[in-house]
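Take a look at the letters that make up each chain.
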Amino acid sequence: SNAKWRAASIELCGGTHSLASGDAQRFVITREEAVAKGVRRVEAVTNGKAAEAARVGDELLAACQTLEKEEAPSQEQQKELRARIDAATCSAALKPKLRASLEAVAKRLAAKEKAKGAAAAGAAAEVVVEKC
């Protein structure tokens, strides 16, 4: 009923693994990319692998939320979590949110370090003034 859909070539290949689309039951889109002008490739997992992808996504989201709450998470913690996110098979829609969460943590830590440096510089300036 939507003219835009009728104007586009839309194909879904389940390969030889699915006899009917109903067999897929649950699915999670894990990757989406351009392969040519006007052509997108969407990769997804179904059934048990979809449940596993959702579980992994939930686990990574919880890890990001924990890191956000920490007073001063280390760069090593951030690096390790980023590697887990990059390697994970989880929702393609969730990955940018996870990466944004890590970026927010990194910015917060950078701002704290900058403030620390400014405070140290101010304290050093006071010492110099006192001695003069």
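One can find the structure itself at the top, above this paragraph.
Novice: Give me a nonpolar patch on the surface: which residues, what numbers.
Specialist: Residues Phe27, Ile29 and Val42 make up a contiguous nonpolar surface patch of roughly 290 Å² in combined accessible area. Relative to the helices and strands, Ile29 resides in strand β1 (residues 27-36). A relative accessible area of 38% places Ile29 in the partly exposed class.

Novice: With reference to specific residues and values, describe the pattern of salt bridges.
Specialist: Counted under the stated rule, the structure contains ten salt bridges. One salt bridge connects Glu43 with Arg31, and the closest N-O pair in it is separated by 4.0 Å. Residue Glu43 is located in strand β2 (residues 39-46), and its partner Arg31 is located in strand β1; the two are separated by twelve residues in the primary sequence. On the basis of relative accessible area, Arg31 is assigned to the partly exposed category, the value being 42%. For the salt bridge of Glu80 with Arg84, the shortest nitrogen-to-oxygen distance reads 3.9 Å. Of this pair, Glu80 and Arg84 are both found in helix α3 (residues 75-87), four residues apart, which corresponds to roughly one turn of the helix. For Glu80, a relative accessible area of 39% gives the class partly exposed.

Novice: Tell me what's going on with the side chain of Lys95, and back it up with residues and numbers.
Specialist: Position of Lys95 among the secondary structure elements: in helix α4 (residues 94-131). One buried charged side chain, Lys95, makes no salt bridge at all; its nearest oppositely charged neighbour is Asp86, positioned 6.0 Å away. A polar contact is formed between the side chain of Lys95 and the backbone oxygen of Ala88, at a distance of 2.8 Å. Beyond its immediate stretch of four places on either side in the chain, Lys95 contacts Ile85, Asp86, Ala88 and Cys90.

Novice: Break down the environment of Glu59 for me, with residues and values.
Specialist: Tracing the chain through its elements places Glu59 in helix α2 (residues 47-69). Among the residues examined, Glu59 registers a relative accessible area of 39% and is labelled partly exposed. Side chain to side chain, Glu59 and Arg84 meet in a polar contact 3.1 Å long.

Novice: Could you give an account of the packing of α2 against α3, naming the residues involved and the relevant values?
Specialist: For any two helices packed against each other, one specifies the crossing angle of their axes together with the interaxial distance. At their nearest, the axes of α2 and α3 sit 11 Å apart, and the two run at 160° to each other. One finds that α2 runs roughly antiparallel with respect to α3. Remark: the crossing between α2 and α3 carries left-handed chirality. On the side of α2, the interface is formed by Glu59, Leu60, Ala63, Cys64 and Leu67, while α3 contributes Gln77, Gln78, Leu81, Arg84 and Ile85. A breakdown of the residues in the contact of α2 with α3 according to their chemical character gives six nonpolar, two polar and two charged.

Criteria and cut-off values
- Residues numbered from 1 in each chain as written.
- Predicted model: local features only at pLDDT ≥ 70, side-chain atom pairs only at ≥ 80, totals over all residues.
- Heavy atoms only, no water.
- Patch = residues over 30% accessible without salt bridge, like charges linked within 9 Å, V, L, I, M, F, W, Y side chains within 5 Å.
- Areas by Shrake-Rupley, 256 points an atom, 1.4 Å probe, with all protein chains shown as cover.
- Salt bridge = Lys/Arg side-chain N within 4 Å of Asp/Glu carboxyl O.
- Helix = DSSP H or I, 4+ residues; strand = E, 2+ residues; numbered from the N terminus.
- Buried < 20%, exposed > 50% of the residue type's maximum accessible area, 1.4 Å probe, protein only.
- Lys, Arg positive; Asp, Glu negative; His and termini not counted.
- Polar contact = N/O pair within 3.5 Å; in protein donor to acceptor, adjacent residues only side chain to side chain.
- Contact = heavy atoms within 4.5 Å.
- Axes fitted to C-alpha atoms, helices over the stretch in contact; angles between N-to-C directions.
- Parallel < 35°, antiparallel > 145°, perpendicular 65-115°, else oblique.
- Left-handed = near helix turned anticlockwise from the far one by under 90°.
- Nonpolar A, V, L, I, M, F, W, Y, C, P; charged D, E, K, R; others polar.

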